[in-house]
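Understanding the architecture of this molecule
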Amino acid sequence: MEVIKIQKTYGKKQVLKEISFEMKKGTCTGIIGANGCGKSTLFRILSGGEKADGGEILIEGKPYRYGKDNLAGIVGYIPQENALIEELSVKDNIALFASLSRKKPEAEYVKSLCNHFSVTDFYKERVGRLSGGMKKRVAIVCALVNRPRILIMDEPSAALDLVFKEELGHYIKLFTAQGGSVLISSHDKGEIEACDTLYAIVDGVTVLADKALSLEEMIERYMKTKRKESV
């Protein structure tokens, strides 16, 4: 995926001024920045959930057309907020996401995903009854159910305990080793360090972040909200 000069404005506030970067096949790319800098907005645009005001997105060299191109089977998206339907069971949520793709996923593959993220134990439970960590694990399965080639994750380990954070880290390594591309937003030190390339959104523009910095130095340089912006 190549992102070229993406822009987004809400009212009079331009959140994304010029976002440009490239995700290479078989790599993990990280995006960091202060709260409210536009990371979640960018991820919604890249996953097809929102339209950019300007710029271009190339997926495997071809321009993505918002509202016309179906990204199911190409892009899997794990949002920061809960995107599951609370009234439905885990099984029905997974089936709903699977139906977005023209090609139905194999039952054995879905079963292996559920086993990997320990979703099988509450497969028939209504989502509204689940804890935050359980919902996050279901969301991960939903994002992966159509075998995407690109995985976009917005704070994916939030609400996960240490065991499942480690499981997710292992899966990301497996996913990229098999040729997939991962884009991740995170405040987790381990996830940031695992990125092959790291970008920061500063004043609506992407800059290549210095991976040699400590987490504390990265927070100071790239992730602190300016006082005038937080008033």
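Procedures and definitions
Throughout this document, residue positions are counted from 1 along each chain, in the order its sequence is written. Local features in this predicted model are restricted to residues whose pLDDT is 70 or higher, and side-chain atom pairs enter the listing and the counts only when it is 80 or higher, whereas totals over whole chains, interfaces and linings include all residues. To obtain the side-chain values, all non-hydrogen atoms of the structure were included, while hydrogens and water were left out. Note on conventions: DSSP H or I runs of at least 4 residues are helices, E runs of at least 2 residues are strands, and numbering of each starts at the N terminus. Three labels apply to residues, based on accessible area from a 1.4 Å probe with only protein chains included: buried if under 20% of the type maximum, exposed if over 50%, partly exposed otherwise in between. Think of each axis as a best-fit line through the C-alpha atoms, taken over the contacting stretch in the case of a helix, with angles from 0 to 180 degrees between the N-to-C directions. In this scheme, roughly parallel covers angles under 35 degrees and roughly antiparallel covers those over 145, while 65 to 115 is roughly perpendicular and the rest are oblique. Throughout, a crossing is termed right-handed when the near helix is turned clockwise from the far one, and left-handed when it is turned anticlockwise from it by less than a right angle. When checking whether two residues touch, look at their non-hydrogen atoms; a contact exists if any pair is within 4.5 Å. Under the convention adopted here, Pro, Cys and the residues Ala, Val, Leu, Ile, Met, Phe, Trp and Tyr are nonpolar, Asp, Glu, Lys and Arg are charged, and Gly plus all remaining residues are polar. For two strands to be treated as a pair, DSSP must find no fewer than two bridges joining them. Identification of polar contacts relies on pairs of N or O atoms within 3.5 Å, with a donor-acceptor requirement for protein atoms, meaning one able to donate a hydrogen and the other able to accept it, and with residues adjacent in sequence counted only if both atoms are side-chain atoms. Confidence of the prediction at every residue is given by pLDDT, a number between 0 and 100. What makes a nonpolar core is a set of buried Ala, Val, Leu, Ile, Met, Phe, Trp, Tyr and Cys residues whose side-chain atoms join them at distances within 4.5 Å.

This part is about unusual backbone geometry. Positive phi values are uncommon outside glycine, yet R147 reaches one of about 50°. Note that R147 resides in the loop between α4 (132-144) and β7 (150-154). Among the residues examined, R147 registers a relative accessible area of 45% and is labelled partly exposed. Phi is positive for D203, which is not a glycine, with a value near 55°. Along the polypeptide, D203 turns up in the loop between β9 (197-202) and β10 (205-208).

Where helix α2 (residues 90-98) meets α4, the closest approach of the two axes is 8 Å, and the angle between their N-to-C directions is 30°. By the angle between their axes, α2 is roughly parallel relative to α4. With respect to the hand of their crossing, α2 and α4 are arranged in right-handed fashion. Contact residues: V90, N93, I94 and F97 in α2; V138, V141 and C142 in α4. Among the residues forming the contact of α2 with α4, the class breakdown is six nonpolar, one polar and no charged.

Let us look at helix α1 (residues 39-46). Of all eight residues that make up α1, seven are buried, and the element is covered over most of its length. Restricting attention to buried positions, one finds in α1 the residues K39, S40, T41, L42, F43, I45 and L46. Where α1 terminates, the next one or two residues include G48, which has phi positive at roughly 90°.

Here the focus is the pairing of β10. By the bridge criterion, four bridges tie β9 to β10 in an arrangement that is antiparallel. Of the residues in β10, the one forming a bridge with Y199 is L208. In this antiparallel pair of consecutive strands, β9 and β10, the connection spans two residues, and D203 shows a positive phi of 55°.

Turning our attention to the side chain of S89. Assignment of secondary structure puts S89 in the loop between β6 (75-78) and α2. A distance of 3.0 Å separates a polar side-chain atom of S89 from the backbone nitrogen of D92. Apart from the residues within four sequence positions on either side, S89 is in contact with Y123, K124, E125, R126 and V127.

Attention now moves to the environment of H187. Looking at the secondary structure, you find H187 in the loop between β8 (181-185) and α6 (189-194). What makes H187 partly exposed here is its relative accessible area of 37%. Through-space distance from the C-alpha of H187 to that of A158 is 9.3 Å; in sequence the pair is 29 residues apart. A polar contact is formed between the side chain of H187 and the side chain of E155, at a distance of 2.6 Å.

This part covers the confidence of the model for the protein chain. In the predicted model, the protein chain carries a mean pLDDT of 91, and 97% of its residues have values of at least 70. Scored below 50 in pLDDT, residues 227-231 shows two contacts in the model against residues more than four places distant or in partner chains.

This part is about the nonpolar core. In this structure, F117 and L144 are the most contacted members of the largest nonpolar core, which totals 34 residues. Put simply, the parts of the chain that give this core at least two residues each are α2, α3 (107-116), α4, β7, α5 (162-177) and β8. Per element, the largest residue contribution to this core is seven residues, and it comes from α4. Setting aside residues up to four positions removed in sequence, F117 forms contacts with R137, I140, V141, L144, F164, L168 and Y171. Counting 26 residues, the second largest nonpolar core, distinct from the first, contains M23, I31, I57 and I201.

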